[in-house]
Number of protein chains: 2
Amino acid sequence: MLDRANIGHPWWHGRFRGCGYRLTIPREAILDVLSKTSRHLSAEDIFLAVHKVYPAVGLTTIYRTLELLVQMRLVFKFDFGDKRARYELAEGTKGIRHHHHLVCTRCGRIIDYTDFIDEEKELLGQTEKGLSKKFNFKITNHIIQFYGLCDKCQNKG
Amino acid sequence: MLDRANIGHPWWHGRFRGCGYRLTIPREAILDVLSKTSRHLSAEDIFLAVHKVYPAVGLTTIYRTLELLVQMRLVFKFDFGDKRARYELAEGTKGIRHHHHLVCTRCGRIIDYTDFIDEEKELLGQTEKGLSKKFNFKITNHIIQFYGLCDKCQNKG
DNA sequence: CCTTTATTGATAATGATTATCATATTCAAT
DNA sequence: ATTGAATATGATAATCATTATCAATAAAGG
Ligand SMILES: [Mn+2]
Ligand SMILES: [Mn+2]
Ligand SMILES: [Zn+2]
Ligand SMILES: [Zn+2]
């Protein structure tokens, strides 16, 4: 039910054309897994999910492909303080879905938030402009993360 | 010239009283190193610096002490995307010196900035309040990092 | 000095990520 | 379809920052 013809999210096909990269089964399978979750998966998470459908795909390929996808800006790579890197699709069919994160330092839960983004954008724009000028620094990216305790973890020792 | 009597930054002595923790030579040496730099040192950096004065101090103690200092909130631990953790004294004699970072993705240079913090504070306050309410999340900390190219790295391939 | 507890350092183990390298796949040109 | 160069893959071993162990030390308080 996850055969090649059925995967066909055409919107990332175009990204591979012209880069010299090939859109192979492992690569599509990885994009497919990422596109079907709202969680922030580790390389091993992705490996296990892909493994169910394509048991021949190795962990090395997962790492290699993720590195490629990050470099192509199709995927974001995050560090939330547990030891493993976490990956998330950078855009959906509707374009880039920019958001920031709340990270629970007790249970590791990650919450995406997109509210307040508008106000943040305003300030970030100003800040980036000021910083670029003052330090002659070309900003390409930023991360904002709030750490603390999620609702469940506040009601425990 | 870095003997015990000479180190005596009394302001962190108090932090160890009442916690059951002892202010030992290795711990003071580590705090001393951190207090004398504006750079963002790795555990090994600190090890090497301490080693010059107290060659008997082992790397394990550096890691253990840093973990303790982070937990005591005397030191901040950062991840700037190179593989090693980076450490920075959380406060000076004047109290906490809150700031954010610019990270050059090419040469790894880290720039502290404290300008724009006031405007940021305003927005962060609002955002934290809104997020806390909406998600019932108790925020204790945040990180903001801008990634890009520093002035030197813009003028290279 | 003695006892208890906290701290230390040498060493080995861990675990996520990378490097290697021989094999397999793709794709365009016959 | 066949071929052949370029690209991609997977099993395996290597890296390397960080942790776990554990016996030896040092501090604190009588
Ligand atoms: Mn997210
Ligand atoms: Mn800093
Ligand atoms: Zn939680
Ligand atoms: Zn640079």
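Residue numbering note: each chain is counted from 1, following its sequence as written. Chains and ligands are labelled sequentially in the order written, the chains with letters from A and the ligands with numbers from 1. Whole-chain, interface and lining totals are the exception, using all residues; otherwise, since this is a predicted model, local features are given only for residues with pLDDT of at least 70 and side-chain atom pairs are given and counted only at 80 or more. Side-chain metrics in this entry use all non-hydrogen atoms of the structure; hydrogen atoms and water are not considered.

A closer look at the packing of aromatic side chains
Residue and element names in this part refer to chain A.
Consideration 1: For Phe, Tyr and Trp, where Trp contributes only its six-membered ring, two rings pair if their centres lie within 6.5 Å, and the inter-plane angle classes them as stacked under 30 degrees, edge-to-face over 60, or tilted in between. Evaluation of the coordinates by the stated rule reveals six aromatic pairs over all chains.
Consideration 2: Ring geometry for phenylalanine 78 against phenylalanine 80: centres 5.4 Å apart, planes inclined by 10°, an arrangement best described as stacked.
Consideration 3: Remark: exposure states derive from per-residue accessible area (1.4 Å probe, protein chains only) relative to the maximum for the residue type, with buried under 20%, exposed over 50%, and partly exposed in between. Overall, the relative accessible area of 7% leaves phenylalanine 80 in the buried class.
Consideration 4: Through a chain of ring-to-ring contacts, the aromatic side chains of Phe76, Phe78 and Phe80 assemble into a single cluster.

Considerations on the relation of the copies chain B and chain A
Consideration 1: To superpose the copies, least squares is applied to the C-alpha atoms of every residue with a pLDDT of at least 70 in both. With an RMSD of 0.0 Å, chain B superimposes on chain A once it is rotated by 180° and translated 0.0 Å along the axis. The two molecules are tied by a two-fold rotation axis, judged by turn and shift. In terms of C-alpha distance to the rotation axis, chain B has Ile144(B) as its closest residue, with the C-alpha 2.3 Å off the axis.
Consideration 2: Whether two residues touch is decided by their heavy atoms; if any such pair falls within 4.5 Å, the residues are in contact. Comparing contact sets, 100% of the residues at the interface of chain B also lie at the interface in chain A, consistent with an isologous, same-surface contact.

Section: the coordination of the zinc ion (ligand 4)
Octahedral six-donor coordination of a metal ideally yields angles of 90 or 180 degrees, compared with 109.5 degrees for tetrahedral four-donor coordination.
Residues and elements named next belong to chain B.
Consideration 1: The zinc ion (ligand 4) binds to the protein through Cys104 (SG), Cys107 (SG), Cys150 (SG) and Cys153 (SG); the donor distances cover 2.2 to 2.3 Å.
Consideration 2: Metal donors: N, O and S atoms at distances within 2.8 Å, or within 3.2 Å for Na, K and Ca, with water omitted from the atom set so that some sites may seem incomplete. The rule is simple: four donors are tetrahedral if all their angles sit between 85 and 135 degrees, four are square planar and six octahedral if opposite donors span more than 155 degrees and the others lie between 65 and 115, and anything that fits none of that is irregular. The site at the zinc ion (ligand 4) holds four donor atoms, and with the angles between them running 105 to 114°, its shape is tetrahedral.
Consideration 3: Residue classification places cysteine 107 among the partly exposed positions, given a relative accessible area of 45%.

A few points about the domain arrangement of chain A
Residue and element names in this part refer to chain A.
Consideration 1: Along its sequence, chain A is organised into domain 1 (1–96) and domain 2 (98–157).
Consideration 2: When two components associate, each loses some accessible surface as probed by a 1.4 Å sphere; the sum of these losses over both components is called the buried area. Buried area between domain 1 and domain 2, summed over both chains or domains, comes out near 720 Å², and the portion from carbon and sulfur atoms is 55%.
Consideration 3: Salt bridge, as used here, is a side-chain nitrogen of Lys or Arg placed within 4 Å of a carboxyl oxygen of Asp or Glu. Connecting domain 1 to domain 2 are zero salt bridges.
Consideration 4: Side-chain atoms alone can form a polar contact between residues adjacent in sequence; in general such a contact is a pair of N or O atoms within 3.5 Å, and within protein one must be able to donate a hydrogen while the other accepts it. On the surface where domain 1 and domain 2 come into contact, there are three residue pairs in polar contact (both at pLDDT 80 or more).
Consideration 5: A class-by-class count of the residues in the side of domain 1 that touches domain 2 yields three nonpolar, two polar and two charged. Residue ranges assigned to the domains are those given by an automatic or database domain assignment. Following the grouping adopted for this structure description, the nonpolar residues are Ala, Val, Leu, Ile, Met, Phe, Trp, Tyr, Cys and Pro, the charged ones are Asp, Glu, Lys and Arg, and the polar ones are all others, Gly among them.

Comments concerning the protein's contact with DNA strand D
Consideration 1: Here a residue is considered near a molecule or strand provided that any single heavy atom belonging to it is located within 4 Å of it. Lining the immediate environment of DNA strand D, one finds 18 residues, of which Thr24(A), Arg27(A), Thr61(A), Arg64(A) and Tyr63(B) sit closest.
Consideration 2: The protein-proximal atoms of DNA strand D, defined as those within 4 Å of the protein, are 68% sugar or phosphate.
Consideration 3: Here Val57(A) contributes a backbone N or O atom positioned 3.5 Å from a phosphate oxygen of DNA strand D.
Consideration 4: Residue Lys83(A) places a side-chain N or O atom 3.0 Å away from a phosphate oxygen belonging to DNA strand D.
Consideration 5: Counting from the N terminus, the helices are DSSP H or I runs at least four residues long and the strands are E runs at least two residues long. Within the residue set of the surface near DNA strand D, elements represented by two or more residues are helix H3 (25–35) and helix H5 (59–71) of chain A together with helix H5 (59–71) of chain B.
Consideration 6: Here the element with the most residues in the surface near DNA strand D is H5(A); it accounts for three residues.
Consideration 7: Residues that form the surface near DNA strand D fall into these classes: six nonpolar, six polar and six charged.

Concerning the protein's contact with DNA strand C
Consideration 1: Near DNA strand C you find 18 residues, and of these Tyr63(A), Thr24(B), Arg27(B), Thr61(B) and Arg64(B) are the closest.
Consideration 2: The contact atoms of DNA strand C, taken as those within 4 Å of the protein, divide so that sugar and phosphate hold 67%.
Consideration 3: In this structure, a phosphate oxygen belonging to DNA strand C sits 2.8 Å away from a main-chain N or O atom of Arg22(B).
Consideration 4: Here Val57(B) contributes a backbone N or O atom positioned 3.5 Å from a phosphate oxygen of DNA strand C.

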